[in-house]
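So you can see what is in the structure, the chains are spelled out below.
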Amino acid sequence: MAAHGAVAGHKQQLSNGMLGFILFLASEVMFFGGLFAAYFIARADSPVWPPLLSPAQEAAGVELHLEFALPFIATCVLVLSSVTIQFGVMAVQRGDRSALIRWLIISIALGLSFLTAQMYDYSQLTFSSGDTIYGTTFYTLTGFHGAHVAGGIIFMMVILVRSMGGQFSASRHEAVEACSFYWHFVDVVWIALFATLYIVK
Amino acid sequence: MPVSGMLRRFRRSMVLLAVALLAIASVSVAAAQSGQPGGITDEAHKMHDLWIFTLIIALVVFLAVEGAIVYCLFAFRKKDDALPKQTHGSTIVEVIWTTIPVVIVVALFSYSFIVLRDVENHAAKEDLTVKVQGFQYQWGFTYDKSDLGTNTKPDATGEFTLLGTPADIPTLWIPVDEPVEFALSSNDVIHSFYVRDFLYKLDVIPGRDNRFVVTAREIGEFHAQCAELCGVDHALMRFTLKVVTRADFDKWVSEQKVTAPASVQKPQ
Amino acid sequence: MSSVAIPRPKSYERPVILDWLTTVDHKKLGILYLYTTMFFFAVGGVLALLVRTQLAVADNTFVNNDQYNQIFTMHASAMLFLFIIPVWAGFGNYIVPLQIGAMDMAFPRINALSFWLVPPAGLLMFSGFLFGGSADAGWTAYSPLARGTGTGMDLWIVAVLLLGISSTIGASNFLVTMFRMRAPGMTMFRMPIFCWTILVTAVLQLLATPVLAAALAMLFIDRNFGGAFFDPNGGGNVVLWQNIFWFYSHPAVYIMILPGMGIISEVLPVFSRKPLFGYKAFVFATMAIGGLGFSVWAHHMFTTGAVLKPWFGFMTFMIGVPTGVKIFNWLGTLWRGSITFEVPMLMALGFLSMFLIGGINGTFSAAEPDDFALHDTYFVVAHIHYVLFGGSVFAVFAGLYYWFPKIWGRRLNERLGQLQFALMFIGFNLTFFPMHLLGLDGMPRRIATYSNDLGWQALNTVATVGAFLIAVSMIPFIVAVVAAFMKPKDQPNDPWEANTLEWWTTSPPPVHNFDDVPEIHSERPLFDLRHGKNAGH
Ligand code: HEA
Ligand code: HEA
Ligand code: CUA
Ligand SMILES: [Cu+2]
């Protein structure tokens with residue numbers, strides 16, 4: 001197909017696949033946009049934030065509040081992983097595949113530790129998705145993000161396997177870049193999430 | 001295909017088209033009188049005027065454009081094999097037929113904006129307020145005897161409620177010539193409080209305090225029903241609005257016995 | 001006449017069934033789309049006939065209230081999500097690559113995936129009938145109502161999600177195809193209008209559909225994981241659903257009409273033997289509609305009292321302007337043309353005259369005070385069908401009659417086509433015009449019964465008769481199709497003396513679409529070839 005694009009004489013740095021992938025990311029942004037909108041609307045028209053609990057929930061010992069420390073560390077981890085994957089991309093641009101593999105392994109490890117931290121955080125929380133709009137929005141936003149992190153990790157693993165199989169070179173490494181784009185996107189979404197859920201009062 | 005045959009087919013289908021369009025046009029004109037009821041409140045009258053205004057503009061736009069279409073079909077049908085002049089467009093006309101609609105819609109918007117401001121007025125505190133509760137699948141109307149509106153002194157205290165069931169449809173009483181406020185509430189799903197002759201409806205939304213005020217000008221009984229899909233028996237959420245004189249209203253009220261607020265709750 | 005050679009893929013043989021099941025050829029996928037969506041049109045139509053039968057007389061008990069809610073909900077869901085939205089993907093799939101002189105879509109496998117999501121989603125949605133009842137909260141699935149109802153609702157949610165994914169990836173596929181695969185000389189502003197409308201539609205799908213996905217996810221969480229998004233007792237917000245749903249669904253109504261407008265813009269010039277009047281104005285108007293489409297969603301929510309009415313009212317009025325530009329450009333195309341009335345043209349004229357009504361009666365609702373009376377009455381139902389049937393469906397048939405020779409190498413019988421048009425046109429107006437009056441007379445939509453003393457029966461009976469007339473009008477169509485398939489393929493490359501590239505290749509086209517493409521100097525390459533590239537100016 002691309003061949004035909006060439007016939008059509010389009011000077012293009014972006015390949016079709018890459019363009020399609022970026023468009024796909026745009027739709028992902030809109031998806032999270034919808035979830036964020038829900039959060040802000042809920043927060044805007046709730047008299048107090050976090051909202052008041054029902055007596056039943058009080059009795060059940062529900063508390064609507066979040067620990068800051070662990071998620072903050074997790075955030076740093078994720079940001080770091082964005083850096084490491086970028087090093088991987090630079091490596092493959094140099095044609096240094098073994099460095100790419102190294103960086104991929106590191107990034108995957110960081111991604112996994114982020115997920116573990118999130119799981120542990122969940123287990124410590126004193127409220128569930130059913131406890132007022134606060135709980136619902138929290139678990140929905142972080143949950144969907146977590147799913148995307150998992151997806152990103154799988155993506156990186158695929159790239160890892162392929163590069164171990166001797167694929168990718170200084171001239172051909174689009175999948176690697178696509179993967180890094182996706183990972184950065186996941187990272188940016190998290191920063192936005194962290195800011196709204198943990199910092200903005 | 002032979003041109004003559006073309007023409008015959010063309011005529012047949014065009015006659016059909018023309019007839020159908022004429023029918024539509026004339027019916028819409030009829031709609032101008034009979035289409036929308038005049039309404040029984042001050043607010044409704046304003047909105048009805050707006051409706052007529054919109055309808056006239058719409059009919060003009062419709063007849064102009066539809067007329068132009070039909071005209072083209074008769075005037076510019078193929079006569080010979082000569083290639084018609086290949087006009088690709090014209091900036092002037094584009095500008096013209098962009099501006100005219102802009103003018104029209106700005107006019108429409110301005111008028112409807114004014115009407116909107118006039119009809120969405122708020123209750124003075126002395127006005128009669130009826131608490132309307134929608135529930136699956138009927139209505140409850142609650143009056144506060146100590147708050148029965150301008151023209152009477154509170155003669156008693158306490159609330160009374162009329163609870164409808166699909167079997168016996170409730171009647172909502174209001175006095176004529178007085179502003180009456182309706183305070184809408186729901187504990188289950190969204191309903192919509194719709195009295196056709198108010199030319200107005202307002203949704204009854206859980207967790208939201210929706211109110212509106214009207215001043216009825218006509219005595220009589222009017223059909224009304226829920227206008228928001230609310231489940232299986234949505235169609236049965238009907239009630240009757242009864243507009244009466246102040247005297248009849250007070251008499252009716254005095255016959256109502258105060259009920260414990262408990263019964264305001266939705267019956268399970 | 002010089003031309004550019006195009007590389008061919010090696011074609012290989014496979015058993016027919018397997019071939020259709022595994023095909024990644026945009027033409028075969030396009031045909032699969034068309035068959036599937038027309039099937040769901042029939043299903044949705046039959047459901048509509050049930051609705052009409054129930055409403056034919058007052059206090060009817062043909063179906064009970066519960067069944068009624070399921071029937072009209074599935075009617076709309078089938079017509080919108082399984083017919084009108086994917087049918088454009090069908091036409092787009094078959095036609096767009098041909099019109100831009102490409103060999104295929106940019107991502108053939110993803111293309112296959114977009115299609116193969118549709119039939120399972122359809123089955124999933126309808127399987128609700130097997131699990132104690134389908135979705136029944138209307139196609140708008142307003143909460144809290146939609147939080148409460150049965151399993152059918154969950155199936156509906158998942159189905160719509162799948163369809164959303166299908167059209168989102170389909171959209172990016174169309175965009176890349178049009179950005180990257182155009183033949184030499186085909187600049188963006190030489191693309192056929194149909195491609196442009198598909199392009200804008202794709203952008204809308206890419207940006208709006210994910211938001212619907214988010215809303216559906218929330219609804220699903222509310223229903224199955226005790227979520228409180230739409231539960232005021234949990235601090236949630238009931239109107240939130242409507243805001244997010246309409247943020248998607250108003251742009252969605254343009255997703256449902258723009259490609260139809262594209263088809264009209266192909267047909268009118270061909271049968272008026274003139275170029276489309278104001279090509280660029282038309283393109284910009286299309287973009288304007290797409291843009292404005294994102295700023296008007298709350299016109300569906302005037303009676304909630306929870307939205308900024310003047311703003312949304314004004315933007316809604318404004319959408320009439322670019323749409324008007326299109327209508328006038330079509331008029332300008334007919335003007336001083338040399339018009340003939342083959343069936344595609346009849347259907348296109350049906351669109352022109354009927355969509356006009358649908359547009360104007362939509363504009364009534366833009367005036368908030370009018371909408372207070374009209375909202376959720378049959379007036380809105382009339383609007384829906386004048387735009388979606390009088391508009392989109394007439395366009396679908398215009399497209400089918402117009403491209404049938406290209407896709408299937410045969411031509412549909414003229415007389416049967418004229419008969420279908422006449423019956424459909426009359427039946428359509430019989431069905432839906434009275435609904436204006438019913439709405440004005442205060443008949444709410446979505447009611448399973450109405451009492452006799454309200455005087456709504458007469459007009460309802462008329463509407464029901466009309467509905468069955470529409471159904472009958474499908475019989476000549478079906479006969480014409482069957483008859484055509486019984487004849488051998490006999491169509492030349494360009495039976496209509498058309499303008500665009502799809503008519504350059506054989507009917508039907510070879511696997512690789514083109515052996516070569518002509519030089520392209522304008523948006524009407526074939527016209528240029530017939531009359532010389534200067535005749536057009
Ligand atoms: C193909 C689908 C389609 C299209 C194209 C449109 C087009 C428009 N719609 Fe429609 N609409 C629906 C599908 C569509 N709609 C559906 C399905 C619903 C119901 C949803 C539900 O509740 O189930 C709905 C509901 C709906 C409502 C909510 C009604 C209510 O529930 O109370 C409103 C309110 O403003 C509205 C307005 C409009 C407007 C202004 C346009 C405009 O785009 C129309 C513009 C066109 C013209 C105006 C005609 C041509 C213009 C001229 C000739 C120029 C001169 C004209 C003027 C100056 C006015 N629509
Ligand atoms: C593309 C969209 C589309 C189309 C084409 C139609 C087509 C039709 N609709 Fe549809 N309708 C909607 C979209 C559509 N509708 C929407 C969005 C709603 C709102 C739902 C809601 O409130 O949630 C609605 C609601 C709606 C209502 C209101 C229900 C209510 O509020 O209670 C009614 C009532 O009459 C109705 C009737 C019809 C009829 C008679 C047709 C006819 O035109 C159908 C004619 C077609 C056929 C008859 C099928 C063709 C037949 C064959 C292919 C052959 C096989 C069958 C036979 C020969 C019998 N529709
Ligand atoms: Cu209550 Cu419909
Ligand atoms: Cu809309």
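Keep in mind that what you see is a predicted model, and the values were worked out from it rather than measured.

1. So, the overall build of chain C
Per the secondary structure count, chain C includes 17 helices and two strands. What you see for chain C is a C-alpha radius of gyration of 23 Å, in line with the 24 Å of a compact globule of 537 residues. For chain C, the C-alpha atoms occupy an extent of roughly 70 × 50 × 50 Å along the three principal directions. Going through the 537 residues of chain C one by one, you find that 72% of them count as buried. At a minimum sequence separation of 6, the contacts of chain C that also span at least 24 residues come to 82%. Total accessible area computed for chain C in this model is approximately 15400 Å², and 69% of it derives from carbon and sulfur atoms.

2. Thoughts on the overall build of chain B
Scanning chain B from N- to C-terminus turns up four helices and ten strands. Counting the 268 residues in chain B, one finds 50% classified as buried. Residue pairs at least 24 apart in sequence account for 70% of intrachain contacts in chain B once pairs closer than 6 positions are excluded. Accessible area of chain B: about 11900 Å², with a carbon and sulfur share of 63%.

3. Some details on the side chain of serine 134 of chain C
Here serine 134 of chain C shows up in the loop between helix H4 (108-127) and helix H5 (145-148). Contacts of serine 134 of chain C, omitting those with residues within four sequence positions, involve Gln70, Met74, Gly128, Phe129 and Gly152 of chain C.

4. Looking at the confidence of the model for chain C
When pLDDT is averaged along chain C, the result is 93, and 97% of the positions lie at 70 or above. The complex model carries a pTM of 0.92, and its ipTM stands at 0.90.

5. With respect to a nonpolar patch on the surface
All names here are of chain A. A contiguous nonpolar patch, built from Val79, Leu80, Val83, Phe87, Met90 and Ile191 and spanning about 470 Å² of accessible area, is present on the exposed surface. Within the secondary structure layout, phenylalanine 87 lies in helix H4 (residues 69-94). Given a relative accessible area of 36%, phenylalanine 87 falls into the partly exposed group.

6. Quick notes on the side chain of lysine 27 of chain C
Residues and elements named next belong to chain C. Structurally, the position occupied by lysine 27 is in helix H2 (residues 26-55). Side-chain polar atoms of lysine 27 contact the backbone oxygen of proline 510, separated by 3.4 Å. Within the structure, lysine 27 has its side chain in polar contact with the side chain of asparagine 513 (distance 2.5 Å). Sequence-distant contacts of lysine 27, defined by excluding residues within four places in its chain, comprise Tyr94, Pro509, Pro510, Val511 and Asn513.

7. Some thoughts on the interface of chain B and chain C
Counting from both sides, the interface comprises 91 residues of chain B and, opposite them, 98 residues of chain C. Across the chain B to chain C interface the summed buried area is about 7800 Å²; carbon plus sulfur atoms make up 71%. Summed over the three residues of chain B that lose the most area to chain C, namely Phe76, His88 and Leu229 of chain B, the buried surface amounts to 9% of that side. Viewed at the interface, chain C and chain B are joined by three salt bridges. If you look at where chain B meets chain C, you find 20 residue pairs in polar contact (both at pLDDT 80 or more).

8. Focus on the coordination of the iron atom of ligand 1
Residue and element names in this part refer to chain C. Coordination of the iron atom of ligand 1 by the protein comes from a single atom, His383 (NE2), at 2.1 Å. In this structure, the iron atom of ligand 1 lies 4.5 Å from the copper ion (ligand 4). Counting through the fold element by element, histidine 383 comes out in helix H14 (residues 378-408).

9. Points about the site of ligand 2
Residues and elements named next belong to chain C. Neighbouring ligand 2 are 34 residues, the closest being Tyr68, His75, His385, Arg445 and Arg446. A distance of 2.8 Å separates an oxygen atom of ligand 2 from a polar atom in the side chain of arginine 52. At 2.8 Å, a side-chain N or O of histidine 385 approaches a nitrogen atom of ligand 2. Of all elements in the fold, only H2, helix H3 (65-99), H14, helix H15 (414-440) and helix H16 (457-486) reach the threshold of two or more residues within the shell around ligand 2. Residue contributions to the shell around ligand 2 peak at eight residues, all from H2.

What counts and how
- Residues numbered from 1 in each chain as written.
- Chains lettered and ligands numbered in written order.
- Predicted model: local features only at pLDDT ≥ 70, side-chain atom pairs only at ≥ 80, totals over all residues.
- Heavy atoms only, no water.
- Helix = DSSP H or I, 4+ residues; strand = E, 2+ residues; numbered from the N terminus.
- Rg over C-alpha atoms; globule rule 2.2 N^0.38 Å.
- Buried < 20%, exposed > 50% of the residue type's maximum accessible area, 1.4 Å probe, protein only.
- Contact = heavy atoms within 4.5 Å.
- Areas by Shrake-Rupley, 256 points an atom, 1.4 Å probe, with all protein chains shown as cover.
- pLDDT = per-residue confidence, 0-100.
- Patch = residues over 30% accessible without salt bridge, like charges linked within 9 Å, V, L, I, M, F, W, Y side chains within 5 Å.
- Salt bridge = Lys/Arg side-chain N within 4 Å of Asp/Glu carboxyl O.
- Polar contact = N/O pair within 3.5 Å; in protein donor to acceptor, adjacent residues only side chain to side chain.
- Buried area = accessible area lost by both parts, 1.4 Å probe.
- Donors = N, O, S within 2.8 Å, 3.2 Å for Na, K, Ca; no water.
- Near = heavy atom within 4 Å.

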